[in-house]
Amino acid sequence: MIGEKLGQYRILRRLGAGGMAEVFVAEDSKLKREVALKLLPPDLAQDPDFLSRFEREAQALAALTHPNIVTIYSVEEAEGLHFLTMELIHGVGLDQIVSTGPLSTERCIAIATQMADALAAAHARGIVHRDLKPGNVVISDDGRVKILDFGLAKMQGYGADEDDLTAARTAPGIVLGTLSFMSPEQLQGSAADARSDVFSFGVTLYEMASGHRPFKGGSTAEVMSAILRDQPRPVTELTGKFPTALERIIRRCLEKNPDDRYSSAIELRQDIQHMLEAGPARFRFGFSISRKRLLPLLATLLVFATAVGSWFVMRARPQTSLTMVAVLPFENFGPPQDSYFAAGVSEEITSRLSRVRSIGIISRKSTLQYEGTTKSVREIGDELDVDFIVDGTVRWSQGSDGVPRVRITPQLSRVSDDTSLWAKTYDRVLVDIFQTQSEIAEDVLAQLGVTIVDSERSTLEARPTGDLDAYEAYLRGRHLAQTPDYSPETRARVVAFFQESVTLDPDYVPGYVELSRAHSLFYHLGHDLSDERRELAKAAAERAYAIAPDAPEVHVALGFYYYWVRSDYALAMREFEIAEAALPSNAEILEAKALVYRRQGRWDEAIAHFRRALPFSPRDASLIGEIGETYANTADYDEAIHYYDRAIALSPEEAWLFMAKAWTYWMWKGATAEARDTLEAMPPTKDTQSVWMWFWQETFERDYDSALERLFATDAEWIGFPESYSPRPLLAAHAFRFSGQPERARHAYEEARVLLEEEVKRWPDDPRRRAALGIACAALGRAEEAVREGRMALKLHPLTRDAFSGAYYVSELAFIYTLLGERASAIDLLEDLLQVPSLISVPMLELDPRWDPLRDEPRFQRMLTEYR
């Protein structure tokens, strides 16, 4: 083939051969570049099965665009030969690198991180490599890792079922893949999925770290037997010092049972990121430095950072070149009970204007606080950082002819000189409300000199329903949904309003969107974890999608269903990204993506997206509070308190902000006095979270009598927190135990156990109830049940799947081990938590009496000193 031409490609030299194709370097005569050309031999091209597999490789690769995956350029046929052209990588194969011996820890991590990034991108698209090994990894001359040869890849939704493929393409005694890197299920002829790639990744990482393969044998049968049955020697036995966190990652990758591995490379990548963020400084900075030396160094750097801080903040602050517009709540000139209708008018105008890409619209969450304001246009404009403001009045009344009418009087003002540029009165019958709102939006855009494209005009002129009663029910639901009351009673009323809207109009898309979101939030808040609730959320979103598959609001609803109900963060992100493509300046979508990034442990990306959302919702207390909570998780406590204070100043009626701030004081410096001051300033709330917070505040103060008195002053039998759901007797039992009343504690723990066993039967998939039951059983000495329930809670909600709240269940299992006297296991888990971003810290461990039994352990004390 050397020197011959295939179409526009001239073959220059041979690179090698894979399992079903030869690879050459070729010159593209049209684009004047060198490419890798993968050629299917003529005899194999005659085989329809092999040809089909070759085309599947092209499909799989073409679906991926990632800096760590080789890029496919084209699939072609010339001179009767089938081939594909790919990016030519100048570098060295990982197999050649590992053949010289083990790599340094830093290099292992650098390569493994990029490999995991690539696999995570593939797994997010349903693509499985199935033949991952060092021979399919190249390190380019500039140090970038590239994964090659998805020739054995399976794309979900393409081609035959995996079992059919295995049967059709496996000769007797032969299996697809490379033996030493194959997973047990592949050897047994079962379907390969993302977890099989995780196993192969573990084998590759083991070889990089140790210079040896984990499974060996003198024959094929012996190697297969080792993979199926043997446990590899720990890397530390082969290399000496090796990070325990990385050893655990390898061990989990190499679990025999696929269910015990990472579910995909997405989880694997998160765990690596946690290790990088919390592990030894040399993983992050490229050199070894002790924590004691690191702190003075950071203090020195802080002096320099302060000098340039103002410049950096201005550079880092999210900027937008869009013309920014705020639509304030329209004033209700009708009866007070009609305020929801006026709010709905301004919200609908906001929604229609937000579809126009050439302007930026401030979210309703930030403008709602200006309802009934006496501030001037310039004051409001400065606070929201906008160029123009739309406000107005609404009157809804019965006409003299008995026909409902609405009068809307909007005006447009320029902020810079506080000048009214335009005002108009729209006096219409109520049935024309949607047309009127469209006219107002178009008139505002005309005054701003904005040109509307055809795709934007269709959404501006949309008429979502012809049933005014359905529209009224929808407006009432939206009005109630925006209140900071998350009690089950209020959220049930929200659901009822949206259900009424779609019952009256079975094709009302906004009604289904909000109904799905209301059901999903109800589930997420823990008010109802039934299969029926899950199905209701799903059915409403699917109905909306069936009617309007391209509507971005529909994809937002689907995103929250996957996020709040399914905890499937990859699918949630996919839906939010679809919505963002249509509404790139929508604060809610940007915030939703940030929340997903946080669950995935991608903390920097979460912060970046929160900051991108801020210009479009600068006065949104919830958004600002979420930023604070993210900083608290990453141990930037000073910044966290700053954002909580900003949020509380904007919305002092939101109790959760005070609770989050108090928790941050616990974490930051064990500051119970500051935490108490914060909780005492908290507004009254019907939510039992405040009871939970006060119980632990007084427990941390070692004032157990006050904690019990406050606990029994509430009528609530169950005390809830986002990650905790405990019967009142369980918390009381803790207080009795801590205060040295073992008999009263035992009776309370037994009462709690009975209640929790019934709850677990009712809600078997709720990790909160499982963890609480495990604790009650542990306190009663029922070790087997306790550990089983604690591990089940962690399995239902693992840290590897949810980097934001998964840490709570790790700490609950650590408490179970502490109660059972298994101190080493408890300390192992607590040390794991201190190495990752979470709401656990050394000051909190010192405050919390749950860990008193560990305090005389030298290892526990060393841990507190090391991670302080």
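Use the structure listed above.
Described in the following lines is the structure provided in the data block. (Residues numbered from 1 in each chain as written. Predicted model: local features only at pLDDT ≥ 70, side-chain atom pairs only at ≥ 80, totals over all residues. Heavy atoms only, no water.)

### Description of the sheet that holds strand β5 (residues 72-78)
Stated precisely, the cut-off is as follows: Here the rule is simple: two strands pair whenever DSSP picks up at least two bridges between them. Secondary structure is summarised from DSSP: a helix means a run of H or I of at least four residues, a strand means a run of E of at least two, and numbering begins at the N terminus for each.
Taken in spatial order, the 6 strands make up an open sheet running β1-β2-β3-β4-β6-β5, and their pairing is antiparallel. Each having just a single partner strand, β1 (5-6) and β5 make up the two edges of the open sheet. The sheet contact formed by strand β2 (residues 9-17) and strand β3 (residues 22-28) spans 7 bridges and is antiparallel. Looking across to β3, one finds that Ala 17 is bridged to Glu 22.

### Things to note about helix α32 (residues 689-700)
Quick note on the threshold: Take the residue count of a helix, subtract one, and multiply by 1.5 Å to get its expected span. Per-residue accessibility, obtained with a 1.4 Å probe over protein chains only, is compared with the maximum for each type, and a residue is labelled buried under 20%, exposed over 50%, and partly exposed between these values.
Taking 1.5 Å as the rise per residue, α32 with 12 residues should run 16 Å; its terminal C-alpha atoms sit 16 Å apart, in good agreement. Of all 12 residues in α32, 12 are buried; the element is thus mostly enclosed. Note on α32: the residue one or two positions beyond its end, Arg 702, has a positive phi of about 65°.

### Section: the pattern of salt bridges
Just so we agree on the cut-off: Only one rule defines a salt bridge in this text: a Lys or Arg side-chain nitrogen within 4 Å of an Asp or Glu carboxyl oxygen.
Under the criterion given, the structure shown has 58 salt bridges. We note a salt bridge from Lys 375 to Glu 383, for which the minimum N-O separation is 2.8 Å. With its nearest N and O atoms 3.5 Å apart, the salt bridge here joins Arg 619 to Glu 383. One end of the pair, Arg 619, is in the loop between α27 (603-613) and α28 (621-633); the other, Glu 383, is in helix α17 (residues 377-384), with 236 residues separating them in the sequence. By relative accessible area, which is 27% here, Glu 383 ends up partly exposed. When salt bridges with common partners are traced through the structure, they connect Arg 676, Glu 680, Glu 698, Glu 701 and Arg 710 into a single cluster.

### Some details on the pairing of strand β12 (residues 323-327)
The element β12 is largely enclosed, with a buried count of 4 among its 5 residues. One ladder, built from 3 bridges, connects β12 with strand β14 (residues 359-361); its direction is parallel. The residue of β14 that forms the bridge with Met 324 is Gly 360.

### What about the side chain of His 519?
Filter applied, for reference: The definition of a polar contact used here is a pair of N or O atoms within 3.5 Å, where within protein one atom must be able to donate a hydrogen and the other to accept one, and adjacent residues in sequence count solely through side-chain atom pairs.
Tracing the chain through its elements places His 519 in helix α22 (residues 509-524). Engagement of the side chain of His 519 in a polar contact is seen with the side chain of Arg 533, the distance being 2.9 Å.

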